[in-house]
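Fold and geometry: a report
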Amino acid sequence: MDDYSDYDGVGLAELVQNGAVTPAELTEAAIARVERHNPAINAVIHKGFDEARAKAADLPEGPFRGVPFLVKDLLIAVAGWPRTSGSRYGRGVVDTEDSGLMRRYRESGVSLIGKSNLSEFGIAGTTEGQLFGPCRNPWNLGHIVGGSSGGAAAAVAAGIVPMAHGGDGRGSIRIPASCCGLVGLKPTRDRNVHLPDGYDFAQGFVVEHVITRTVRDSAVMLDVTGRPEPGSPYAAPAKERPYAEEILRAPGRLKIAWSSQTANGRPIHAETQAALEATAALLEKLGHEVVPRDLGVDQRALWGAQNAFSAANFGAGMRRMIEQTGREPAEDDFEALTWASWKGAQRAVGMDAMADAQNLRVLGRQALQLYEIFDIFLTPTLAAPPPPIGYLSPVLNPPRDIGRRNGEFFPFPGVANMTGQPSISLPICWSEGGLPMGMMFTARYADEATLFRLAAQLEKEAPWKDRHPPIWN
């Protein structure tokens, strides 16, 4: 199927429904593109081709029936498949059954063809791990794809699949979406539930969804997966109507605040600042009320309030993994950044973690006060264009340098994880060097509807889905 990559997921499913193509043919088209492009970008680290071929004739009648799909090798469980979490320590872990979210993806009708590359335990904002090696950006192979869901973004950008699963704890869907010129939504906390068989990942910090080329694929998939699990104590507020309908509705005149303020007070890259100002001007041209305005909270304090909490959460996850592997990790099982995180987790004190959780609640409420006045808060997704491979590598750099350099590039996405709000990165701009630069839009708690309406409007005004990297199709 020569024009396979020209379609998004909804478009491919319509071809299947109309009898123009079969799920088996779509599966083969995706496999061919893995074999063609993966040697260059290193996005797919587990190939489930035989299983995909065997199941292609018996997929559910969901909105994505037959659409090839990848899942990240972290958090989500696939029956009979390995789950390394991107770590040498995780080799040998095999899941015995699908997780709840995986079952919902299967309900959508997707054809699962493999697993995508990631950073070790999803910690780093770049996908350059020791186990699988660096994943490279289809727009420029010398630059990062972001992380931790970098393999997912690279595969979508290269036309291997129209969408792929990712997880977002401090921007791990939005950062790679920005680096690779894609749509990356972090849903509201608990919109995609982890129950009944999962853990409450970092008390809602970590959420899962898909990275896509089009807004409608993100909306339609969230309609499938974003429903409460019976008995869930944490269900997100109900939506008014399907998100597939929201993208057909005009957003109206929104009140949008925008800022480039960072927690450390450093200015962002000049190209990124110019892109942010151009985006604000575009929004004003579309009829929105656009006002320069900071978040209104001490971001340094907000970031500082999660240190013990995050350390304790990582320790709790490692304790479960130790039960799975049957042994304690040794230093040479981990990259240096992960080992430092593990040692920090062992020093975490319960009362400090609880104090962090309390402080995060207070500071998060302060941040949410902005949305009593404004509908949307706009920032860049990254503070600079994607850096070269190696600059943020947890393999090549000591943890102290990684922490400092992360502050240079990723000051914006993590706030929405701490407040639980929905936040989306859209590929509005490109750098002078031809690298994507996403703009990030954050809405009120549980208001994905406004994000989808605005994103659909911007997709028409600044169409990115027809812009392709050198590695494509």
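What you see is a predicted model; the values in this text were computed from it and never measured.

This brings us to the packing of helix H7 (residues 215-225) against helix H16 (residues 448-461). Contact geometry for H7 and H16: axes closest at 9 Å, N-to-C directions at 155 degrees. The angle between the axes of H7 and H16 places the two elements in the roughly antiparallel class. Judged by the twist between their axes, the crossing of H7 over H16 is left-handed. The residues of H16 that touch H7, namely those facing Val-215, Ser-218, Ala-219 and Leu-222, are Glu-448, Phe-452, Ala-455, Ala-456 and Glu-459. Counted by class, the contact of H7 with H16 contains six nonpolar, one polar and two charged residues.

Note the cis peptide between Gly-147 and Ser-148, where omega equals 5 degrees. Along the chain, the position of Ser-148 falls in the loop between strand S5 (133-134) and helix H5 (150-157). Although it is not a glycine, Leu-75 sits at a positive phi angle of roughly 70 degrees. By the element assignment, Leu-75 lies in the loop between strand S2 (68-72) and helix H4 (100-107). For Ala-446, which is not glycine, the phi dihedral falls at a positive 70 degrees. Considering the arrangement of structural elements, one finds Ala-446 in the loop between strand S13 (436-443) and H16.

Let us now look at a negative patch on the surface. Residues Asp-2, Asp-3, Asp-6 and Asp-466 make up a contiguous surface patch of negative charge. Secondary-structure assignment places Asp-2 in the segment before helix H1 (9-17).

Scanning the model with the defined rule gives 24 salt bridges in all. A salt bridge links Asp-223 to Lys-239, with the shortest nitrogen-to-oxygen separation between them at 2.6 Å. Separated by 16 residues along the polypeptide, Asp-223 in helix H7 and Lys-239 in the loop between H7 and helix H8 (243-246) bring together distant segments of the chain. Ionic pairing is found between Glu-289 and Arg-253, a salt bridge with its closest N-O pair at 3.8 Å. Of this pair, Glu-289 sits in strand S10 (residues 289-292) while Arg-253 sits in the loop between H8 and strand S9 (255-258), placing them 36 residues apart in sequence. Several salt bridges converge on common partners, so that one network encompasses Glu-240, Arg-241, Glu-246, Arg-249 and Arg-453.

Criteria and cut-off values
- Residues numbered from 1 in each chain as written.
- Predicted model: local features only at pLDDT ≥ 70, side-chain atom pairs only at ≥ 80, totals over all residues.
- Heavy atoms only, no water.
- Axes fitted to C-alpha atoms, helices over the stretch in contact; angles between N-to-C directions.
- Helix = DSSP H or I, 4+ residues; strand = E, 2+ residues; numbered from the N terminus.
- Parallel < 35°, antiparallel > 145°, perpendicular 65-115°, else oblique.
- Left-handed = near helix turned anticlockwise from the far one by under 90°.
- Contact = heavy atoms within 4.5 Å.
- Nonpolar A, V, L, I, M, F, W, Y, C, P; charged D, E, K, R; others polar.
- Patch = residues over 30% accessible without salt bridge, like charges linked within 9 Å, V, L, I, M, F, W, Y side chains within 5 Å.
- Areas by Shrake-Rupley, 256 points an atom, 1.4 Å probe, with all protein chains shown as cover.
- Salt bridge = Lys/Arg side-chain N within 4 Å of Asp/Glu carboxyl O.
- Lys, Arg positive; Asp, Glu negative; His and termini not counted.
- Charge placed at Lys NZ, Arg CZ, Asp CG, Glu CD.

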